[in-house]
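Each chain, written out:
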Amino acid sequence: MSVEEQHDPGAVPAEDVLARQRARESAARSYARHLPVVPVRAEGMTVYGADGRSYLDCLSGAGSLALGHNHPVAVRAIRKVLDEGAPLHVLDLATPIKDEFTETLLGLLPVELARDAKLHFCGPTGADAVEAAIKLARIATGRGGLVAFTGAYHGMTAAALAATGDVTIRTPVGVSDAGITRLPFPQDYRCPYGVGGIAGERIAVEHARRLFDDPGSGMTPPAAMIVEPVQGEGGVLPAPDGWLRALRTLAADHGLPLIADEVQTGLGRTGELWGVDHAQVVPDMMVLSKAIGGGLPLAVLVYRGEYDVWQEGAHTGTFRGHQLAMAAGTATMKFITEHALAERARKLGDRLRGDLTEMMAELPAIGDVRGRGLMIGLDLVDPEAAPDALGARPAAPGLARGVRAEALSLGLIVELGGRHGAVLRLLPPLTMTELEADQVRDLLGKSIAAATAAWRP
């Protein structure tokens, strides 16, 4: 079904629903401000709105819908739990549903980690799992510091927000980042060291090593190092493989756990089952959420057995036993592996990024195309501004907002991220077809061309 095809929305008055939302919901709402769609039905990559239009969804619940909307295997798993009368709420009690989820997940983890791994089911958000990881690391090491990275996003709760790089969301609520040592996250297009490429990666490695070895560095002794294998909110920045391996070695040499935040990268999104697999790195702790619940709320902290030093009830929560999410998550994990969707994401992502890179010649507002698998970012820039010494032009957040609006008008749902809100982010489901990928490419080209023509810096 094409994005232009009309769909009967029933009798849902879209504008009335949107007006009531604006009047009743908090000023903190975000996606709803920029994507005024009232979904009434969804299937695969397509969302049908109450406005009678259909949309291709490249947001996918911020990456949580690995199989797209209402995939039959997830729906069947949920329906089976309901039809069998299984308990929906069990706190952290053992159930056959949880047992199958645990067995399936352990079978997919890096072997070295799975060998003696412990799982802690957290409150059903990635942020709570990050909180649990940092708390456990501090208990286990007896230290209070934390090494995090510029551009990082780890969630909106206290410790997770302190580790997050965006001061615009951290400062207003007075979250202290005391004890956080924040190192530059290497990247090519806007290299923090002003050199780019492998030279920037090598400087980043040496910078980190010297910091740890310098007794005058001022670094609070860290309990852990936390890193995203690909920064999502930070602008779709893949961690260089050599740099990530160097962090693994550095953490081990200094006796602190390496925490991989795989909330967005996990389960095939990047073209490997886990984001750390690209660098063949095995972390000490992995934070999992989003896709792990098959589209329903679920978060899990996985860690090496040596760190299992919790006291009873040290990190708990009422909704740690979401049976529907575990059933849907098990079905999703099995489907991803049985149908080699990680490999598919790699191949389709490579193709789509290649197509978008070719468009740069005709659309100079695209400064950079990057990502891994089906986690893709387009850095939108002022095409008339002078480039810096490395060839990067200034970010154009106003233009990016225009592109997002143009895309929505054409039936494509995309969102923004990056340091200046100028990176167009694509997180389509791993089940996206080649035809849908072509549609996304063409709609993006039209949206960028139209927004650029209308844009004034």
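J.: So, the overall build of the chain: which residues are in play, and what are the values?
T.: Counting its regular elements, the chain contains 15 helices and 17 strands. A compact globule built from 457 residues should have a C-alpha radius of gyration of about 23 Å, and the chain, at 22 Å, falls within 12% of that. Expressed as lengths along the three principal axes of its C-alpha atoms, the size of the chain is roughly 65 × 60 × 45 Å. Residues counted as buried form 55% of the 457 residues belonging to the chain. At a minimum sequence separation of 6, the contacts of the chain that also span at least 24 residues come to 71%. Looking at the chain as shown, the accessible area adds up to about 19200 Å², and 53% of this sits on carbon and sulfur atoms. Both charge centroids of the chain, one from 44 positive and one from 55 negative side chains, sit 2 Å from each other.

J.: Please provide a residue-by-residue account of the packing of helix α14 (residues 397–409) against helix α15 (residues 434–454), values included.
T.: Where α14 meets α15, the closest approach of the two axes is 8 Å, and the angle between their N-to-C directions is 130 degrees. In terms of orientation, α14 lies oblique with respect to α15. With respect to the hand of their crossing, α14 and α15 are arranged in right-handed fashion. Between α14, through Leu399, Gly402, Val403, Glu406 and Ala407, and α15, the contact on the second element is made entirely by Ser447, Ile448, Ala450, Ala451 and Thr452. Here the residues of the contact of α14 with α15 sort into six nonpolar, three polar and one charged.

J.: Give me the environment of Tyr31: which residues, what numbers.
T.: Within the secondary structure, Tyr31 sits in helix α2 (residues 31–34). Spatially, the C-alpha atoms of Tyr31 and Ile448 are 20 Å apart, while their sequence positions differ by 417 residues. Every residue in contact with Tyr31, bar those within four places of it in the chain, is listed here: Leu59, Ala62 and Glu415.

J.: A description of the side chain of Arg370 should follow, citing residues and the corresponding values.
T.: Assignment of secondary structure puts Arg370 in strand β13 (residues 366–372). Accessibility expressed as a relative area gives 10% for Arg370, which makes it buried. In terms of polar contacts, Arg370 uses its side chain to reach the backbone carbonyl oxygen of Val236, at 3.2 Å. Leaving out residues up to four positions away in the same chain, Arg370 has contacts with Tyr189, Gly235, Val236, Leu237, Arg353, Met375, Ile376, Gly377, Asp379 and Val423.

Analysis parameters
Residues numbered from 1 in each chain as written. Predicted model: local features only at pLDDT ≥ 70, side-chain atom pairs only at ≥ 80, totals over all residues. Heavy atoms only, no water. Helix = DSSP H or I, 4+ residues; strand = E, 2+ residues; numbered from the N terminus. Rg over C-alpha atoms; globule rule 2.2 N^0.38 Å. Buried < 20%, exposed > 50% of the residue type's maximum accessible area, 1.4 Å probe, protein only. Contact = heavy atoms within 4.5 Å. Areas by Shrake-Rupley, 256 points an atom, 1.4 Å probe, with all protein chains shown as cover. Lys, Arg positive; Asp, Glu negative; His and termini not counted. Charge placed at Lys NZ, Arg CZ, Asp CG, Glu CD. Axes fitted to C-alpha atoms, helices over the stretch in contact; angles between N-to-C directions. Parallel < 35°, antiparallel > 145°, perpendicular 65-115°, else oblique. Left-handed = near helix turned anticlockwise from the far one by under 90°. Nonpolar A, V, L, I, M, F, W, Y, C, P; charged D, E, K, R; others polar. Polar contact = N/O pair within 3.5 Å; in protein donor to acceptor, adjacent residues only side chain to side chain.

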